[in-house]
Each structure stands twice: as C-alpha cells, then as structure tokens.
Amino acid sequence: MSFVRFMSSPAGRWTRSLAGIALGIVAVVLGGAWMWLLAPAVVFMAVGALDVCLLAPLAGLPMSGPKVREIAR
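Here the structure is a predicted model, which is why all the values come from computation and not from measurement. Throughout this document, residue positions are counted from 1 along each chain, in the order its sequence is written. In keeping with the predicted nature of the model, local features appear solely for residues at pLDDT of at least 70, side-chain atom pairs appear and are counted solely at 80 or more, and the whole-chain, interface and lining totals rest on all residues. Side-chain metrics rest on all non-hydrogen atoms present in the structure, leaving aside hydrogens and water.

Novice: So what exactly am I meant to see when it comes to the nonpolar core here?
Specialist: Soluble, globular proteins show a tendency: their nonpolar side chains are buried together. Counting six residues, the largest nonpolar core consists of V4, M7, C53, A56, L61 and V68. Setting aside anything within four residues of it in sequence, one finds V4 in contact with C53, L55, A56, A59 and L61. What we call a nonpolar core is a set of buried Ala, Val, Leu, Ile, Met, Phe, Trp, Tyr and Cys residues that are connected through their side-chain atoms within 4.5 Å. Classification of residues uses two cut-offs on accessible area relative to the type maximum, computed with a 1.4 Å probe and protein chains only: under 20% is buried, over 50% is exposed, and between them is partly exposed. In this description, contact between two residues means that some pair of their heavy atoms is separated by no more than 4.5 Å.

So this is what it looks like as structure tokens:
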C-alpha cells in the first residue's frame, strides 16, 4: 500500500516519467530487437504525465493520483 501511495505522489510521477524516458533512450540507442522497450516507455511517460497510477486499483484505490493523495491524508 505504501508503494502505491509513493507511486501516486509527485516523486512517484517523476520516477515513472524518468523511467519511461530512460527506457526510450535505451530502445533507440540499442535499436533492433530492443525497440520493444518503446511500448512500456510510452506507457510510463503517459501515466506520469496524466497523473494516474495503474497499480492503485490492485490496492483498492482509485487510479487518479489526486484522489489517492486525498485518501492518504
């Protein structure tokens, strides 16, 4: 549960976004079969930018980052 709260926090958003950027860079630099990394990279960047946490429903929380932070107070 605390991991989901962290991932819904602003620091978690930055972590997801930076992980997506890093995966994208690795995919482009290595090329070839590594290009499959672009799919999770786009997902990580999108959920970071849209402030949603895909793991939150597994913990019984809403996907929306602001709603999770409101509940966590």
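Novice: Just checking my understanding: could you explain helix α2 (residues 10-30) for this structure?
Specialist: Residues spaced three or four apart along an α-helix point in a common direction, a consequence of the helix completing one turn every 3.6 residues. Runs of H or I in DSSP of at least four residues are treated as helices and runs of E of at least two as strands, each being numbered from the N terminus. In this scheme, a helix's expected span is set at 1.5 Å multiplied by one less than its residue total. Spanning 21 residues, α2 covers 30 Å between terminal C-alpha atoms, matching the ideal 30 Å at 1.5 Å per step. Within α2 the residues assigned to the buried category are G12, R16, S17, G20, G24 and A27. An end-on view of α2 places all buried positions within 135° of arc, on one side of the element. Residues of α2 that are exposed and point over 90 degrees away from its buried face: P10, W14 and V29. The arc refers to the directions leading from the helix axis to the C-beta atoms.

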